[in-house]
Amino acid sequence: MTRTINLQPEQASEISTDRDIRNVVCPLWSMPYESQLCFKHEKVEDAMCRLTRAVAKKFKQGMSRGLSNKLQMPGWVSEANKVHRGCAAPVLGIVRSPVLDGYRNKSEFSVGLDLDGNPTVGFNVGLFKEGITAVSGPENCRHISPIAKILASALQSFIRSEMSEIRQAGHQHLPVWNKSTGTGFWRLLTVREGGGAPSAGHWCKWMRTPRTDKCHAEGHAQHPHDEQVGSSTTLDDNSGLPSLSPNSQTEVMVIIQVSPSGYDARVVQKACKRAADILRLAASRASLYQFSLKRLLMQVHNGVSNAAGPDAELFDLEDGNKSTADQISISENLCGLRFSLSATAFFQVNTSAADALYQIAGEWASPHGRSLVLDICCGTGTIGITIAKKVHKVIGIDIVEGAIKDAKANASLNGITNCEWIAGKAENVLPSILSTYAPLVAPSKRLAATKARYSAPSAEESGSEGEVRTDQYQQSKHETTMHGKVLWSSKSFSLDEIVAIVDPPRAGLHRNVLSALRKEPSVRRLVYVSCNPDSMTANCAELCTPQGPDGRSGGVPFSPIKALAVDLFPHTRHCEAVILLER
C-alpha cells in the first residue's frame, strides 16, 4: 500500500542560511499541530503496514523452503489487506500531547562558541562530522521549558562575563569546550524538573482521529477491538495546557558537566561556586516562574564526547563535596504516584504525555489480581509501579543498575510491596524468570484454542464435521479424568496469566528476548511500547510469523490486535507507538 503525506515536515520551514536552531532540534516548530498529528499518525500506520508485509514475506520464504504445504497464512494478514488498508491491526488514532510548548522536563545544553565566537549555552547548529561546532541559544525553541531557558541564559551570561573580566585582569580563565581540539572546561548544562507538570486526566480526552483517516472512513469495518472514544473539542489542537503549574512540590536539579583536567583546583572550585550563586540568583528573580533549585551538581567528564557514563563522578557545585547519583534526586508526579529521579536516571521527557502513555499500556495489558506482569526494559519502574496494585506481582528487568535502584526506591516511596526488580540483560535473566513462574500459571482454554488455529486438528480434537471441538477447553476452574479424579484446580495455581509489557530502547529487543517470550505459552498478551517504528516492525514480525511445519515450532505466534500513536515530542519528527499482541 502506498501512502502520501500531504505536508512533509521538511516543508514546514526552510533551513535558513544562519542555521535557525529550531530547524535542527524541533524541525516541525512552524507546522500546525493538527498537521503534525497527521504526519505522526501516518508514520505509525506505515509501520503497521510494513509489519503485515514482513510477516507475509517471512511466511512465504518458509513455505518455499518446503517446511509445510498445509500451513496457512495467519488470518489477520488477510484481514489487514481487506479491512485495514494493509495495516497489521487498526491504528485507532493518535493521542496528542496535553502540553505543546515547554513540555520537556529534562533539557541538555551544549556549552561552546556561537557563530560569532561568543561563549553560548544551547544546541549545536549542525553535525560535528560535517565540521560544524557552533552553538546557538534555545530561547526560541518551543519544546524547551521556561525554567530551562532562564538557567541556560544565566549560565551563558556568567561564562561570558567571567571570560571578559578574567582576561582583562590577566588571570587564567576557564574556557568553553572545543570539540575540534578536545579541550576546554565548561561542557554541558543539564536541567531536570519535577512536580510542575499539569495533570492531564484520562488519556481518552486527548485521543484524536486525524483528517487523513476520514477519507478512508467509507467501507472501514468496525474491528471488535476498536475503542469507542471521542475527540475532545474543548481545546484547540494548536494550543495546549500550560507547560508549568508551579507548586510547593516543584523541584529543579542542575548538573554542569566540566572537564577539570589541567586546571588549578582552587580556580575551578571558586568558579563553580560563583556559577552556583548566579543560578540561584536567576531562580529567585524569575518573575513569572518562581522555582527553587534543589540540587546544583558538577559532573566530571574528560571524554571526547559529552556522553558521560553512569559512573561519572558527581560533586556538589557549591562546596565541591563528592556525591553519588542515588544520593541526590528530585521528585516527579505521574499517574497519581510520586517518583524519585536520580541525577542520571531515565524518565520520559514529557510528563503529561507519559501519563497518558502509561495509562494506555496498563489498560491494554488488562491485568488482574492473578496476573504476573513482566516489565521488560523497566527503567525507573514507572510502568510496573503504575499497575502494581491491580496485579499479583510485577517483575521489572533493566540492564542499568542505577535504574533498578531507582525502581526499588520508587516502589517503596509509593508503598508498593509486590514488585521485584532485577538488574541484568533481559536476554540473560528472562528465561530463568519464565521457567520459575510458568509452572504457577493455571492451564488455559484460550491458549489451547489458539494452538488449534495453526495446525490441523487431530481425530481426537475433531468432531464429525471436522471442526475443532472446544468443550475440552471449557474447564477453566478444574479438569478431571473420565473417572472424575481432579487433575488440577485453579486453586492449585497462584497465577492465571503472564503479561509482558516491553518498552525497549531504539534498537529494540534482543532476539533471545523475543524467542523466550514466544516460546513460553503462559505469555498470552504483550504490550509493545516503541519510540522507533523500524525496530518495532522487526521485533513484532519475529513474534507474529508462524514458524516450522505446524506454524508454532518456535512457540504459538502472536497476532496484532490494535495500535495507537502517542505524541510525546511535539514539534519534532518523533512519536511513540503502542501495539497490543495476543495469542
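Residues numbered from 1 in each chain as written. Predicted model: local features only at pLDDT ≥ 70, side-chain atom pairs only at ≥ 80, totals over all residues. Heavy atoms only, no water.

K.L.:
I tried to follow the sheet that holds strand S18 (residues 497-502) on my own but got confused; where do I start?
P.N.:
Hydrogen bonding along the main chain pairs the strands of a sheet, whether they run parallel or antiparallel. The strand order across the open sheet built from nine strands is S6-S1-S20-S21-S19-S18-S13-S14-S15, with neighbouring strands paired in mixed fashion. The sheet is open, and its two edges are formed by strand S6 (207-208) and strand S15 (419-423), each paired on a single side. Bridge count between strand S20 (residues 559-566) and strand S21 (residues 576-582): seven bridges; the pairing is antiparallel. Note that in S21 the partner of serine 559 across the bridge is glutamate 582. (Pairing = 2+ DSSP bridges. Helix = DSSP H or I, 4+ residues; strand = E, 2+ residues; numbered from the N terminus.)

K.L.:
Whenever I open this one, the packing of helix H10 (residues 426-437) against helix H12 (residues 511-519) confuses me. Can you help?
P.N.:
Helix packing geometry: the angle between the two helix axes and the distance between the axes. It is at 8 Å that the axes of H10 and H12 come closest, and there the two elements cross at 15°. In this view, H10 runs roughly parallel relative to H12, as classed from their interaxial angle. You can see that H10 and H12 cross each other, and the crossing is left-handed. Contacts between H10 and H12 involve Ala426, Glu427, Leu430, Pro431 and Leu434 on the former and, on the latter, Asn512, Val513, Ala516 and Leu517. Class assignment for the residues of the contact of H10 with H12 results in seven nonpolar, one polar and one charged. (Axes fitted to C-alpha atoms, helices over the stretch in contact; angles between N-to-C directions. Parallel < 35°, antiparallel > 145°, perpendicular 65-115°, else oblique. Left-handed = near helix turned anticlockwise from the far one by under 90°. Contact = heavy atoms within 4.5 Å. Nonpolar A, V, L, I, M, F, W, Y, C, P; charged D, E, K, R; others polar.)

K.L.:
So what exactly am I meant to see when it comes to the pattern of salt bridges here?
P.N.:
Any two side chains of opposite charge can pair, so long as their charged atoms come close to each other. Throughout the structure, instances matching the rule amount to 18 salt bridges. Across the pair arginine 160 and aspartate 114 runs a salt bridge, and its minimum N-O distance is 3.6 Å. Residue arginine 160 is located in helix H4 (residues 146-169), and its partner aspartate 114 is located in the loop between strand S2 (106-113) and strand S3 (119-124); the two are separated by 46 residues in the primary sequence. By relative accessible area, which is 29% here, arginine 160 ends up partly exposed. According to the relative accessible area criterion, aspartate 114 is buried, its value standing at 18%. (Salt bridge = Lys/Arg side-chain N within 4 Å of Asp/Glu carboxyl O. Buried < 20%, exposed > 50% of the residue type's maximum accessible area, 1.4 Å probe, protein only.)

K.L.:
Looking at this structure, how should I read the pairing of S2?
P.N.:
Along a regular strand, successive side chains alternate from one face of the sheet to the other. Counting buried positions along S2 gives six out of eight residues, so the element sits mostly inside the fold. Bridge count between S2 and S3: four bridges; the pairing is antiparallel. Counted as the bridge partner of serine 110 is glycine 122 from S3. Between S2 and S3, which pair antiparallel and follow one another directly, the connecting turn spans five residues, one of which, glycine 117, has a positive phi of 85°.

K.L.:
Help me understand the packing of aromatic side chains in this model?
P.N.:
Two descriptors summarise a pair of aromatic rings, namely the distance from one centre to the other and the angle between the planes of the rings. With the rule as written, the count across this model stands at five aromatic pairs. Arranged with centres 5.9 Å apart and planes meeting at 80°, the rings of phenylalanine 185 and tyrosine 263 form a pair that is edge-to-face. Highlighted residues: phenylalanine 185 in the loop between H4 and strand S5 (186-194) and tyrosine 263 in the loop between strand S7 (251-258) and helix H6 (265-285), separated in sequence by 78 residues. Measuring from centroid to centroid gives 6.3 Å for phenylalanine 339 and phenylalanine 347, while their planes differ by 50°, and the two rings are tilted. For the pair formed by phenylalanine 339 and phenylalanine 347, the shared burial category is buried. Each member of the aromatic cluster is reached from another via a ring pair, and the members are Phe158, Phe185, Trp186 and Tyr263. The ring of tryptophan 29 has arginine 22 lying over it, and the distance from NZ or CZ to the ring centre is 3.7 Å. Directly above the ring of tryptophan 177 sits arginine 187, whose terminal nitrogen or CZ lies 3.7 Å from the centroid. (Phe/Tyr/Trp six-rings, centres within 6.5 Å; stacked < 30°, edge-to-face > 60°. Lys NZ or Arg CZ within 6 Å of the ring centre and 35° of its normal.)

K.L.:
Quick question: what am I supposed to make of the state of the cysteines here?
P.N.:
Covalently bonding the sulfur atom of one cysteine to the sulfur atom of another cysteine gives a disulfide. A complete count under the given rule lists zero disulfides for this structure. As a non-bridged cysteine, cysteine 141 has cysteine 26 as the owner of its nearest cysteine sulfur, 4.6 Å distant. Overall, cysteine 141 belongs to the buried group, its relative accessible area being 0%. No disulfide involves cysteine 378; its nearest neighbouring cysteine sulfur is the one of cysteine 377, lying 8.1 Å away. (Disulfide = S-S within 2.5 Å.)

K.L.:
What's the story with the environment of alanine 541 in this structure? I'm lost.
P.N.:
Its location among the elements puts alanine 541 in helix H13 (residues 533-544). Each C-alpha atom of the pair alanine 541 and valine 55 lies 5.4 Å from the other, and the pair is 486 residues apart in sequence. Once you skip the residues sitting within four places of it in the chain, alanine 541 turns out to touch Leu51, Ala54, Val55 and Lys58.

K.L.:
I would appreciate a short explanation of the packing of helix H2 (residues 33-64) against H13 in the present structure.
P.N.:
Between H2 and H13, the shortest axis-to-axis distance is 9 Å and the interhelical angle comes to 35°. For the element pair H2 and H13, the recorded crossing hand is right-handed. For the pair formed by H2 and H13, the contact residues are Lys43, Ala47, Arg50, Leu51, Ala54, Val55 and Lys58 on the first element and Pro533, Asp534, Met536, Thr537, Cys540, Ala541, Glu542 and Cys544 on the second. Its residues assigned to classes, the contact of H2 with H13 shows nine nonpolar, one polar and five charged.

K.L.:
How should I be thinking about the sheet that holds strand S8 (residues 293-300) in this particular structure?
P.N.:
Taken together, eight strands build an open sheet; the order of strands is S4-S3-S2-S5-S7-S8-S9-S10 and the sheet is mixed. In the strand order of this sheet, the two ends are held by strand S4 (135-136) and strand S10 (322-323), each with one partner. Here S5 runs beside S7; their pairing, made up of eight bridges, is antiparallel. Within the sheet, the bridge partner assigned to leucine 189 lies in S7 and is isoleucine 256.

K.L.:
Honestly, helix H9 (residues 401-413) in this entry has me stumped. Any pointers?
P.N.:
Note: α-helices contain 3.6 residues per turn, so residues at a spacing of three or four share the same orientation. The terminal C-alpha atoms of H9, which comprises 13 residues, lie 18 Å apart, in line with the 18 Å expected from a rise of 1.5 Å per residue. Among all positions in H9, only Ala403, Ile404, Asp406, Ala407, Asn410 and Ala411 are buried. For H9, the buried positions fall inside an angular range of 155° around the axis, keeping them on one side. H9 presents Glu401 and Ser412 as exposed residues on the side facing more than 90 degrees away from its buried surface. Along its buried surface, H9 packs onto strand S12 (337-342), helix H8 (382-387), strand S14 (393-398) and S15. Remark: glycine 415 follows H9 within two positions and exhibits a positive phi of approximately 70°. (Expected span 1.5 Å × (residues − 1). Arc of directions from axis to C-beta.)

K.L.:
What is the right way to look at the environment of methionine 207 in this model?
P.N.:
Note that methionine 207 resides in strand S6. Residues methionine 207 and serine 97, 110 residues apart in the sequence, show an inter-C-alpha distance of 9.5 Å.

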